[in-house]
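# Coordinates in review
Residue strings, one per chain:
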Amino acid sequence: MNAQTLIKQWLSSPACRGVRIFLIAILGLGVLWWVPTEQPVNAQSTVIYVRPGGNNVNCNGTVDVDYPGSGGPGLDCAVQTIARGVSIVISGGTVFVAAGTYAENVTINKTLTLQGANAPDGPDAAVVAGRITVTGAGAGAAVRR
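The present account deals with the structure reproduced in this document.

Rules used throughout
Residues numbered from 1 in each chain as written. Predicted model: local features only at pLDDT ≥ 70, side-chain atom pairs only at ≥ 80, totals over all residues. Heavy atoms only, no water. Pairing = 2+ DSSP bridges. Helix = DSSP H or I, 4+ residues; strand = E, 2+ residues; numbered from the N terminus. Axes fitted to C-alpha atoms, helices over the stretch in contact; angles between N-to-C directions. Disulfide = S-S within 2.5 Å. Buried < 20%, exposed > 50% of the residue type's maximum accessible area, 1.4 Å probe, protein only. Salt bridge = Lys/Arg side-chain N within 4 Å of Asp/Glu carboxyl O.

What follows concerns the sheet that holds strand β5 (residues 113-116). An order of β1-β2-β5 is seen for the three strands of this open sheet, with the pairing classed as parallel. Looking at strand neighbours, the two that pair on one side only are β1 (45-50) and β5, the edges of this open sheet. Neighbour-to-neighbour, the strand axes of the sheet open up by a mean angle of 15°, direction not taken into account. Note that strand β2 (residues 89-97) and β5 share four bridges and pair parallel. Opposite F96, over in β5, you have Q115 as the bridge partner.

Summed over all chains, the structure comprises one disulfide. One disulfide bridge connects C59 with C77, the sulfur atoms lying 2.0 Å from each other. Taking the torsion about the S-S bond as the criterion, the C59 to C77 disulfide, at about -85°, is left-handed. Placement of C59 in the loop between β1 and α3 (82-88) and of C77 in the loop between β1 and α3 is noted, with a sequence separation of 18 residues between them. For the pair formed by C59 and C77, the shared burial category is buried.

According to the stated counting rule, one finds two salt bridges in the structure shown. For R51, the salt bridge is made with D64, and the minimal N-O distance between the two is 3.1 Å. With R51 in the loop between β1 and α3 and D64 in the loop between β1 and α3, the pair connects residues that are 13 residues apart, well separated along the chain. Take D64: its relative accessible area is 39%, and that puts it in the partly exposed class. On the basis of relative accessible area, R51 is assigned to the partly exposed category, the value being 23%.

Below, the structure written as structure tokens:
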């Protein structure tokens, strides 16, 4: 009997079908285990830092430094978007926004301070290239330049 005949017999045998099912199940679990979950960290802090070099998935926003490029989630570094900073800061907290341009729309639906890095028209201003919407703030809302 030649090798080709033996391979054909093995592939059509019940034992081979069982091995294939087992291998497919193991490989499937391995693939699922290695897929990153992309679950953002919820810091819930009174002060959150936003920087263009931050990371919304791996950083918790509690320290004013860029994402180091590896590690996380839960690293002490800045988040990347103002919207993420607003979502994780506690009511009454402050979101500090570093100089840069942030192409996003931001909805603010809680009491907070949104503080830019420098003067609004300065060379190192924080610019939102989108829309900021304030909701649910009532009579206490104030927008300052």
